[in-house]
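Tertiary structure, described
Spelled out, the chains give:
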Amino acid sequence: MLSTLLNAARSTARGAMNSESASTPLQAAFEAALQRELQQRALVGAAPGRDELMRAAAAASRELLARRWAQTQAADARRGDDAGCRRVHYLSMEFLMGRALSNALAALRLDGVLQAQLQAQGQDLSGVLEREPDAALGNGGLGRLAACFLDSFAELGLPSFGYGLRYQYGMFAQGIQDGRQVESPDDWLRLGNPWELPRPELRYRVGFGGRVVVDATGSRQWVPAEVLVAQAYDFIVPAHHSERVSTLRQWHAQAAETIDFQAFCRGDYSHAASRQVAADALNWVLYPDDSTEAGRELRLKQEAFLVSASLQDLIERHLREGRPLQTLGTLNAIHLNDTHPALAPAELMRLLLDEHGLPWDEAWTLTRQAVSYTNHTLMPEALETWPVRMFEALLPRHLEIIYEINHRFLQELRQRFPGDDGLTARVSLIDEGGTNGGNYGGERRVRMAALSIVASHRVNGVAALHSDLMVQTIFADYARIFPDRFHNVTNGVTPRRWLQQANPALSAVIDGQIGTAWRQDLSQLQQLSAHAKDAGLIASFRTVKRANKQRLADRIRRELGLTVSVDSLFDVQIKRIHEYKRQLLNLLHVIARYQAIVANPDGVDGRGWVPRTVVIAGKAASAYHMAKLIIQLAHDIGRVVNSDPRVGDRLKLVFLPNYGVSLAETIIPAADLSEQISTAGTEASGTGNMKFALNGALTIGTWDGANIEMAEHMGVDQMFVFGLRTEAVAGLKSLGYDPRLYVEQNRQLQAVIRAIADGDFCGGDTARYKPLVDKLLGADPYLLMADFTDYVATQLKVDAVYRDPQAWGEQTVRNVAGMGWFSSDRTIAEYVERVWSPASLKA
Ligand SMILES: *Cc1c(COP(=O)(O)O)cnc(C)c1O
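Cut-offs and rules
- Residues numbered from 1 in each chain as written.
- Predicted model: local features only at pLDDT ≥ 70, side-chain atom pairs only at ≥ 80, totals over all residues.
- Heavy atoms only, no water.
- Helix = DSSP H or I, 4+ residues; strand = E, 2+ residues; numbered from the N terminus.
- Buried < 20%, exposed > 50% of the residue type's maximum accessible area, 1.4 Å probe, protein only.
- Contact = heavy atoms within 4.5 Å.
- Near = heavy atom within 4 Å.
- Polar contact = N/O pair within 3.5 Å; in protein donor to acceptor, adjacent residues only side chain to side chain.
- Areas by Shrake-Rupley, 256 points an atom, 1.4 Å probe, with all protein chains shown as cover.
- Nonpolar A, V, L, I, M, F, W, Y, C, P; charged D, E, K, R; others polar.
- Salt bridge = Lys/Arg side-chain N within 4 Å of Asp/Glu carboxyl O.
- Patch = residues over 30% accessible without salt bridge, like charges linked within 9 Å, V, L, I, M, F, W, Y side chains within 5 Å.
- Pairing = 2+ DSSP bridges.
- Phe/Tyr/Trp six-rings, centres within 6.5 Å; stacked < 30°, edge-to-face > 60°.
- Lys NZ or Arg CZ within 6 Å of the ring centre and 35° of its normal.
- Core = buried A, V, L, I, M, F, W, Y, C linked by side-chain atoms within 4.5 Å.
- pLDDT = per-residue confidence, 0-100.
- Arc of directions from axis to C-beta.
- Axes fitted to C-alpha atoms, helices over the stretch in contact; angles between N-to-C directions.
- Parallel < 35°, antiparallel > 145°, perpendicular 65-115°, else oblique.
- Left-handed = near helix turned anticlockwise from the far one by under 90°.
- 1 Å grid on protein atoms, 1.4 Å probe; cavity = no way out; pocket = protein on both sides within 12 Å on 5 of 7 lines; lining within 4 Å.
- Points joined across faces, edges and corners; volume = space filled by probe spheres on them.

Here we take up the side chain of Asn-491. With respect to the helices and strands, Asn-491 occurs in the loop between β18 (486-488) and α21 (495-501). Among the residues examined, Asn-491 registers a relative accessible area of 5% and is labelled buried. With residues near it in sequence (within four places) discarded, Asn-491 still touches Leu-145, Val-462, Ser-685, Thr-687, Met-690, Phe-822, Arg-826 and Thr-827.

Structure, rendered in structure tokens:
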């Protein structure tokens with residue numbers, strides 16, 4: 001079932017690696033570069049501490065990667081027009097890269113070399129690696145997916161560019177004070193970024209505002225009021241099994257003219273600098289996905305800036321390689337990671353019409369060929385729209401083009417579906433300000449998802465259920481209009497970062513059992529299932545898990561001063577804090593268990609309790625009050641439970657602050673149980689679920705997102721599935737869901753809700769969690785009350801299996817064995833087949 005692309009990448013990789021493993025020139029080059037870096041620092045009297053060693057190693061690695069980058073680009077420029085895959089341009093407002101050094105060293109096979117060098121300096125490798133700040137230019141799964149894709153682009157040798165913004169401040173740093181989240185800026189560039197390659201020669205002008213003028217020939221030209229310059233910074237992502245690399249090109253905004261010299265001479269310095277300050281605002285922050293009104297206009301400017309710079313760069317490269325504009329769409333793919341870059345079709349049309357003089361029909365054909373779009377959420381309130389008024393002010397020419405696209409689209413529809421005015425109103429690119437699309441403000445708005453669908457040749461969801469629901473619910477009208485446009489491509493994660501690097505000990509055990517080929521071909525993991533009952537293998541898995549748990553326990557003690565037992569079941573939920581992900585349901589279970597332990601210290605059946613350590617981590621968007629309240633509740637419960645002498649090791653609740661890629665890399669290998677408990681139909685895919693199972697955690701989860709496909713691949717009885725399914729959720733809601741009926745029927749649930757409402761965890765403060773309790777007993781939109789009973793019962797089944805180490809161990813092996821399909825290499829191979837191949841244009 002492997003695609004030809006995967007196989008081709010693997011066979012060239014084997015050749016390359018064989019020659020490389022014998023090559024000391026690479027090591028010698030690295031050692032020389034490292035020495036040079038250290039000497040330069042010694043010249044200015046800096047003793048090489050861990051920070052300097054980290055930066056020197058990064059700079060030395062970057063030098064080697066830059067050579068591979070040049071080779072890769074040269075090879076891609078030479079490729080024939082019939083190469084079988086278009087060059088992919090992956091546009092994303094978020095890339096959640098995490099740290100780069102350990103990945104680069106592993107890809108270059110230089111970890112051993114650096115380790116030896118560091119020993120000579122009296123330092124250890126892990127201490128140096130930990131000095132690298134996370135590149136946290138993303139909120140969550142969508143941004144991490146983009147990062148995993150860059151890894152797979154390189155690994156599969158796909159001609160590609162990732163395009164993003166070079167935010168000065170990434171995702172905020174989360175601190176906890178008195179149990180409450182406090183945000184502070186994540187100043188990740190403070191000490192410079194040793195990885196990025198500034199590309200001062202790559203500069204493009206991006207306009208905003210102004211007006212559209214019509215010249216004597218009738219052609220339209222945009223005269224912007226403000227012009228910024230986008231300057232490129234490249235970040236290189238290496239393949240692990242070939243010398244190919246992929247590129248993340250990030251744009252930095254500068255003023256087109258620097259200071260206002262007249263103002264400067266007058267002594268008016270703030271005016272003199274105002275253009276630069278205005279440009280710099282674009283570079284400041286990554287917006288949290290649940291952002292409020294503040295900064296909306298700046299966000300739209302960021303999106304337009306990303307799109308315009310990236311498309312100018314693409315066209316420039318295409319022409320520089322000597323290819324005619326007419327092949328732009330058959331040789332290039334422009335992929336929209338959600339609707340954030342949805343201005344791309346409008347900007348591409350503008351460039352082709354106004355700058356390159358193409359007629360409308362030709363420009364539209366090229367645009368439709370190039371563009372494709374991935375949807376990441378079904379929640380109607382999360383679908384991006386922008387006021388027409390904001391477009392008029394900032395992007396007047398784009399608005400004209402969007403109107404024209406819409407006019408032609410609706411005209412065609414009226415011919416195909418005469419008399420169906422409801423349809424045209426529903427699918428129009430413009431929400432005319434009725435009650436349609438969740439807009440009750442009466443303001444006309446541009447619908448970015450509509451623009452993305454109409455201008456794409458392919459639209460995909462990110463897991464089978466999500467893709468089905470997408471065409472049945474939010475995009476049902478479009479699916480009727482464009483029946484061949486919609487596809488599914490289930491997400492995946494890179495096994496290099498999420499198994500090889502995050503869990504070297506488990507990787508070694510797997511190597512010993514089935515060899516090392518799984519690193520390139522994760523489907524090899526299936527071979528483990530033949531050994532699932534092997535007591536030796538199970539013991540090795542358990543030894544590794546215990547060591548990883550010990551490492552996490554040490555960190556919990558260091559950071560929080562709390563002692564947890566490595567003999568307890570580590571029950572983990574780490575992800576953005578959001579009501580649909582139901583961290584609150586997890587907390588309700590913790591309270592229920594706490595009350596049960598106090599009432600029956602020897603267990604309900606006298607067999608004692610399976611000790612548990614519940615670990616939660618995640619950030620709440622700064623304006624998301626309910627999510628912040630959930631974080632506070634977790635801390636309040638933790639304080640009470642963790643210090644109750646009647647409980648002891650039977651139950652602990654730990655909240656680890658500042659969730660990010662690096663924290664995930666330490667927590668996930670230590671998890672026994674993975675909580676994937678979203679309300680069915682709300683989690684588009686999830687990728688955290690995949691990382692846990694790959695590291696030998698069992699999943700307790702709802703029939704939602706990619707949980708479903710994971711269960712199918714590992715065997716449904718290998719997962720602890722609970723709760724209402726999508727159809728039942730929809731049925732219940734349509735009948736009029738009343739959460740109080742569920743509370744009335746369950747005394748345990750009553751006691752849990754009463755404890756929160758009475759302020760049992762916060763010194764009797766009954767006001768603190770009133771909004772939360774009111775919501776649970778009122779609308780309870782995510783059906784926590786309906787799923788509580790089954791969730792708690794299923795947690796008891798988890799305990800029962802955990803009591804039997806052989807059964808638990810066997811299930812663990814089967815989980816890992818079933819995860820081979822969830823590699824981002826497979827995902828990218830499917831994108832190539834279904835979305836990015838030239839063949840997908842003919843279908
Ligand atoms: C994988 C990952 C996510 C996505 O997690 P979900 O559980 O799928 O929401 C978010 N943030 C980070 C840092 C990740 O590594």
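Bringing unusual backbone geometry into the picture now. Even without glycine at this site, Arg-582 takes up a positive phi of about 65°. Residue position: Arg-582 is located in the loop between β19 (569-574) and α24 (583-599). The backbone phi angle of Asn-658 is positive, close to 60°, even though this residue is not glycine. Residue placement: Asn-658 occurs in the loop between β21 (651-655) and α26 (661-667).

In the vicinity of the ligand, 14 residues are found, and the nearest of them are Lys-575, Lys-581, Thr-687, Gly-688 and Lys-691. In this structure, Lys-575 approaches the ligand through a side-chain N or O atom, which is 2.8 Å from an oxygen atom. With respect to the ligand, the side chain of Lys-691 contributes an N or O atom lying 2.6 Å from an oxygen atom. In the complex, the protein chains occlude 96% of the 390 Å² of accessible area that the ligand would expose alone. Listing elements by their share of the shell around the ligand, those giving two or more residues are α7 (141-156) and α27 (688-694). Residues belonging to the shell around the ligand are distributed by class as follows: four nonpolar, six polar and four charged.

This part is about the pattern of salt bridges. Going through the model one piece at a time under the given rule, you end up with 56 salt bridges. Between Asp-234 and Arg-249 there is a salt bridge, with its nearest N and O atoms 2.8 Å apart. Here Asp-234 is found in strand β10 (residues 226-238), whereas its partner Arg-249 is found in strand β11 (residues 245-255), with 15 residues between them in sequence. Both residues of the pair, Asp-234 and Arg-249, count as buried. The partner of Arg-593 in a salt bridge is Asp-799, and the shortest N-O contact between them spans 2.7 Å. With Arg-593 in helix α24 and Asp-799 in helix α33 (residues 784-802), this pair connects stretches of sequence that are 206 residues apart. Here the salt bridges do not stand alone but share partners, grouping Arg-199, Glu-201, Asp-234, Arg-249, Asp-313 and Arg-317 into one network.

With respect to the secondary-structure elements, Thr-679 resides in the loop between β22 (673-676) and α27. With a relative accessible area of 2%, Thr-679 lands in the buried category. One polar contact links the side chain of Thr-679 to the main-chain carbonyl oxygen of Tyr-782, over a distance of 2.9 Å.

Here we come to a nonpolar patch on the surface. Where nonpolar side chains cluster on the molecular surface, the patch consists of Ile-259, Phe-261, Phe-264 and Tyr-269 and spans about 420 Å² of accessible area. You can see Ile-259 is positioned in the loop between β11 and α8 (261-266).

Bringing the sheet that holds β19 into the picture now. An order of β21-β20-β19-β22-β23-β24 is seen for the six strands of this open sheet, with the pairing classed as parallel. The open sheet terminates on both sides in strands that have one partner only, identified here as β21 and β24 (720-721). Alignment of β19 against strand β20 (residues 612-617), held across six bridges, turns out to be parallel. From the neighbouring strand, Gln-573 faces β20, where its bridge partner is Ile-616.

The next thing to look at is the packing of aromatic side chains. Applying the stated criterion across every chain, the model contains 19 aromatic pairs. Between Tyr-594 and Phe-761, the aromatic rings sit 6.4 Å apart at their centres with planes inclined by 55°, giving tilted as the arrangement. Of this pair, Tyr-594 sits in helix α24 while Phe-761 sits in the loop between α31 (747-757) and α32 (770-777), placing them 167 residues apart in sequence. As far as the burial class goes, Tyr-594 and Phe-761 line up, both buried. An angle of 20° between the planes, with centres 5.0 Å apart, marks the rings of Tyr-831 and Trp-836 as stacked. Judged by its relative accessible area of 0%, Trp-836 falls in the buried class. Ring-pair connections join several aromatic residues into one group, and the members of that group are Tyr-90, Phe-149, Phe-153, Tyr-831 and Trp-836. A cation sits over an aromatic face here: Arg-317 above Phe-161, 3.8 Å from the ring centre.

Right, let's get into the nonpolar core. Within the largest apolar cluster, 206 residues are counted, with the highest numbers of intra-cluster contacts made by Trp-251, Phe-305, Ile-334, Phe-391 and Trp-836. Excluding anything up to four places from it in sequence, Ile-334 contacts His-89, Leu-91, Leu-311, Leu-314, Ala-344, Leu-348, Ala-370, Val-371 and Ser-372.

To continue, consider the confidence of the model for the chain. This prediction gives the chain a mean pLDDT of 93; 95% of its residues lie at or above 70. Here residues 12-23 is modelled with pLDDT under 50, and outside its nearest four sequence neighbours on either side it reaches 12 contacts, counting other chains as well.

This part is about α31. Of the positions making up α31, those classed as buried are Leu-749, Val-752, Ile-753, Ala-755 and Ile-756. An end-on view of α31 places all buried positions within 155° of arc, on one side of the element. For α31, the elements touching its buried residues are α24, α25 (625-642), α30 (739-744), α32 and α33. At the C-terminal side of α31, Gly-759 shows a positive phi close to 75°.

Secondary-structure assignment places Gln-276 in helix α10 (residues 274-284). Taking the C-alpha atoms as reference, Gln-276 lies 6.4 Å from Thr-258; in sequence the two are 18 residues apart. Contacts of Gln-276, omitting those with residues within four sequence positions, involve Ala-255, Thr-258 and Ile-259.

One way to put it is that helix α22 (residues 504-514) packs onto helix α23 (residues 535-560) with a least axis distance of 9 Å and a crossing angle of 165°. Between α22 and α23, the angle falls in the class roughly antiparallel. Where α22 crosses over α23, the two elements pack in a sense that is right-handed. Across from Ala-505, Leu-506, Val-509 and Gln-513 in α22, the residues of α23 making contact are Leu-537, Ser-540, Phe-541 and Val-544. Tallied by class, residues from the contact of α22 with α23 come to six nonpolar, two polar and no charged.

A few words now on the sheet that holds strand β4 (residues 160-165). Strand order in the open sheet made by the nine strands is β7-β10-β11-β4-β1-β12-β13-β17-β18, with mixed pairing throughout. Lying at the two open borders of the sheet, with one neighbouring strand each, are β7 (197-208) and β18. Sheet twist, expressed as the average angle between the axes of neighbouring strands with direction ignored, equals 25°. In the sheet, strand β1 (residues 87-91) pairs with strand β12 (residues 332-337) via five bridges, with the strands oriented parallel. Looking across to β12, one finds that Leu-91 is bridged to Leu-336. Contacting β1, β4, β10, β11 and β12, α7 crosses the sheet at an angle of about 130° to β11. α10 rests against β10 and β11 of the sheet, and its axis sits at about 150° to β11.

Following the criterion strictly, the structure yields nine cavities of 30 Å³ or more and no others. Here the largest cavity is characterised by a volume of approximately 140 Å³. Put simply, the parts of the chain that give the lining of the largest cavity at least two residues each are β2 (95-98), α4 (101-108), α7 and β10. For the lining of the largest cavity, the leading source of residues is β10, giving four residues. Among the residues forming the lining of the largest cavity, the class breakdown is 10 nonpolar, three polar and four charged. Roughly 110 Å³ of volume is contained in the second largest cavity. Lining the second largest cavity are Glu-579, Leu-584, Met-626, Ile-630, Leu-772, Lys-775, Leu-776, Asp-780, Pro-781, Tyr-782 and Leu-784. Counting residues per element, the ones that place at least two in the lining of the second largest cavity are α25 and α32. Counting residues per element, the lining of the second largest cavity draws most heavily on α32, which supplies three residues. Residues of the lining of the second largest cavity, tallied by class, amount to eight nonpolar, no polar and three charged.

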